[in-house]
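Here are the chains, one letter per residue:
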Amino acid sequence: MVAFVAAMGTTGRCGILLFTLLAQFCCAHSWKIDPLILNEQLLWIGGGAGEVHTYRIPLITFTPRGSLLAFAEARKSSSVDMQAKFIALRRSTDRGLTWSPTSFIVDDGSLVDGLNLGSVIVDEERKSVMLIYSLCFYHYHCSPSSTMLIESLDDGLSWSAPRNLSVQLGVKSFIPGPGFGIQKRYNPAKGRLVACGHGTISGDGVFCIFSDNHGRTWKNGAALKSIPYNQPKQSQDFNPDESQPVEMEDGTIVVNIRNQMKYHCNCRIIARSLDGGESLPMEEVTFDKTLVDPVVAAGALQKEGVLYFTNPANSEHRVNLTLRWSLTNGKSWQEEAVQIWAGPSGYSSMTSLKSDYPEDKKYIYVIYEKGHKDYCETISFAKIHLYGGL
Ligand SMILES: *[C@@H]1O[C@H](CO)[C@@H](O)[C@H](O)[C@H]1NC(C)=O
Ligand SMILES: *[C@@H]1O[C@H](CO)[C@@H](O)[C@H](O)[C@H]1NC(C)=O
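As the structure is a prediction and not an experimental result, all values here were calculated from the model. (Residues numbered from 1 in each chain as written. Chains lettered and ligands numbered in written order. Predicted model: local features only at pLDDT ≥ 70, side-chain atom pairs only at ≥ 80, totals over all residues. Heavy atoms only, no water.)

1. Focus on the state of the cysteines
Phase 1 of the analysis: A complete count under the given rule lists three disulfides for this structure.
Phase 2 of the analysis: One disulfide in the model links cysteine 136 with cysteine 142; its S-S distance is 2.1 Å. Negative torsions about the S-S bond denote left-handed disulfides, and the value of about 105° found for cysteine 136 with cysteine 142 makes this one right-handed.
Phase 3 of the analysis: Shown here is the disulfide that connects cysteine 196 with cysteine 208, its sulfur atoms set 2.2 Å apart. Because the torsion about its S-S bond is 95°, the bridge between cysteine 196 and cysteine 208 counts as right-handed. In this pair, cysteine 196 is assigned in strand E13 (residues 193–198) and cysteine 208 in strand E14 (residues 205–211), connecting sequence segments 12 residues apart. Taken individually, cysteine 196 and cysteine 208 each receive the classification buried, so the pair is uniform in this respect. (Disulfide = S-S within 2.5 Å. Helix = DSSP H or I, 4+ residues; strand = E, 2+ residues; numbered from the N terminus. Buried < 20%, exposed > 50% of the residue type's maximum accessible area, 1.4 Å probe, protein only.)

Structure (structure tokens):
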């Protein structure tokens, strides 16, 4: 590719013609995937400025109008999970080049066991963006747990008042994601919204909820329960935890799952739903030993038939944030992984824009926890060109 670029520089118009031809190849899938970080910027920096101590749990989504929305928990007084928080939002309308100032779209006041993120879901037919989060997950000086939803119908500019989904789903402790939920693009259950999340330490497992009417009502779907269920865990128990669902082009939902107690391997648990998120049968559960993992929330994305995966690729520590890709729906991974950040790195999430505009076929967007001494120092956004910058 380097040789080609040099040649293009010296051949003027002819070079440009050739470039146009190659660019067409690129977008018809046949071009080799060669991810290049085109630009990276810090969206949030912790350290106590203003009313926020630490930003964690980054989420990113496309919108039906071609914008990007980035969300994070803004933890008010320290870096620990259980404390009062805001949900922070920044918005980009130019494919990640510039971002709006932060707005705080939800404030849980001074609740110690307040909100936890969360899954963002886009309904492309209704042109809506929904964000689902939990309240009172740990039952610390509060009861019961609630699953809450806010929605934007104007590209993330304004948000509805929180709606309490527990009225329909029940009050089981449930933190969606963290990551995105999906709208099924293929049958079975085309058009359905599906979000998956996890339960409490004892009642843990992966649980999916779904809606067949654009988010108006929700039902409980698949449950992949931990063993022993509703009992304290010990090392190497089966304990599926935080997860990211993606839809394959055959309509299967593949759920990439945090392996909390390192059952079977220091690697990811993979579950598959063949019925649009209503079940995650045990026969479809596998362990992906290529996806070595230190026990963390990871990112997954299906784009143009290629499956992408991000995590801190290390069996013990949250370091070495790495992008992998699979041309075989996750049965195997390409050898040439790309390291996004060598140092401390934690949770990550990915998205891509879905317009017919050819440029949007070339990029994916990664958001992740990044630091020098500790992974929770900042939240970083990386724009990745899938075809080596061409
Ligand atoms: C949500 O609904 C459930 C079930 O009706 C209720 O017990 C819970 O208190 C509600 N939560 C909030 C925050 O209103
Ligand atoms: C980083 O990830 C790559 C790809 O999986 C792996 O080869 C390398 O050993 C990892 N390095 C560290 C320090 O974990």
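Having seen the model, we can carry on.
2. Quick look at the side chain of serine 146
Phase 1 of the analysis: Structurally, serine 146 is set in strand E8 (residues 146–152).
Phase 2 of the analysis: On the basis of relative accessible area, serine 146 is assigned to the buried category, the value being 15%.
Phase 3 of the analysis: Discounting chain neighbours no more than four positions away, the residues touching serine 146 are Tyr133, Ser134, Leu135, Asn164 and Ser166. (Contact = heavy atoms within 4.5 Å.)

3. A short note on the layout of surface pockets
Phase 1 of the analysis: Size it by volume and the largest pocket reaches roughly 530 Å³.
Phase 2 of the analysis: What lines the largest pocket is a set of 28 residues, among which Arg185, Gln302, Lys303, Ser352 and Lys354 lie closest to the centre.
Phase 3 of the analysis: Elements with a contribution of two residues or more to the lining of the largest pocket: strand E2 (54–62), strand E6 (115–123), strand E12 (182–183), strand E16 (240–247), strand E20 (299–303) and strand E23 (338–351).
Phase 4 of the analysis: Looking at the lining of the largest pocket residue by residue, the class counts come to 11 nonpolar, seven polar and 10 charged. (1 Å grid on protein atoms, 1.4 Å probe; cavity = no way out; pocket = protein on both sides within 12 Å on 5 of 7 lines; lining within 4 Å. Points joined across faces, edges and corners; volume = space filled by probe spheres on them. Nonpolar A, V, L, I, M, F, W, Y, C, P; charged D, E, K, R; others polar.)

4. Examining the site of ligand 2
Phase 1 of the analysis: Around ligand 2 sit Ala313, Asn314, Asn320, Thr322 and Arg324, and those are all the residues in its vicinity.
Phase 2 of the analysis: Alanine 313 has a polar backbone atom sitting 3.3 Å from an oxygen atom of ligand 2.
Phase 3 of the analysis: In the environment of ligand 2, an oxygen atom lies 2.9 Å from a nitrogen or oxygen atom belonging to the side chain of asparagine 314.
Phase 4 of the analysis: A total of 360 Å² of accessible area belongs to ligand 2 in isolation, and the protein chains cover 44% of it.
Phase 5 of the analysis: Its residues placed into classes, the shell around ligand 2 shows one nonpolar, three polar and one charged. (Near = heavy atom within 4 Å. Polar contact = N/O pair within 3.5 Å; in protein donor to acceptor, adjacent residues only side chain to side chain. Areas by Shrake-Rupley, 256 points an atom, 1.4 Å probe, with all protein chains shown as cover.)

5. Describing the packing of aromatic side chains
Aromatic rings considered in pairs are described by the distance between their centres and by the relative angle of their planes.
Phase 1 of the analysis: Taken as a whole and judged by the stated rule, the model has nine aromatic pairs.
Phase 2 of the analysis: Arranged with centres 5.8 Å apart and planes meeting at 80°, the rings of phenylalanine 71 and tryptophan 159 form a pair that is edge-to-face. Residue phenylalanine 71 is found in strand E3 (residues 68–75), and its partner tryptophan 159 is found in the loop between E8 and strand E9 (163–164); the two are separated by 88 residues along the sequence. For the residue pair phenylalanine 71 and tryptophan 159, the accessibility class agrees, reading buried in each case.
Phase 3 of the analysis: With a centroid separation of 4.9 Å and an interplanar angle of 70°, the aromatic rings of tryptophan 99 and phenylalanine 381 are classed as edge-to-face. Of this pair, tryptophan 99 sits in the loop between strand E4 (85–92) and strand E5 (103–107) while phenylalanine 381 sits in strand E25 (residues 378–385), placing them 282 residues apart in sequence. Grouping residues by exposure puts tryptophan 99 and phenylalanine 381 together as buried.
Phase 4 of the analysis: Through pairs of rings, three or more aromatic residues link up here, namely Trp99, Tyr365 and Phe381.
Phase 5 of the analysis: Sitting over the face of the ring of tyrosine 347, arginine 56 holds its NZ or CZ atom 4.7 Å from the ring centroid.
Phase 6 of the analysis: The ring of phenylalanine 210 has arginine 192 lying over it, and the distance from NZ or CZ to the ring centre is 4.1 Å. (Phe/Tyr/Trp six-rings, centres within 6.5 Å; stacked < 30°, edge-to-face > 60°. Lys NZ or Arg CZ within 6 Å of the ring centre and 35° of its normal.)

Functional significance is not addressed by these values, which are geometric in nature.
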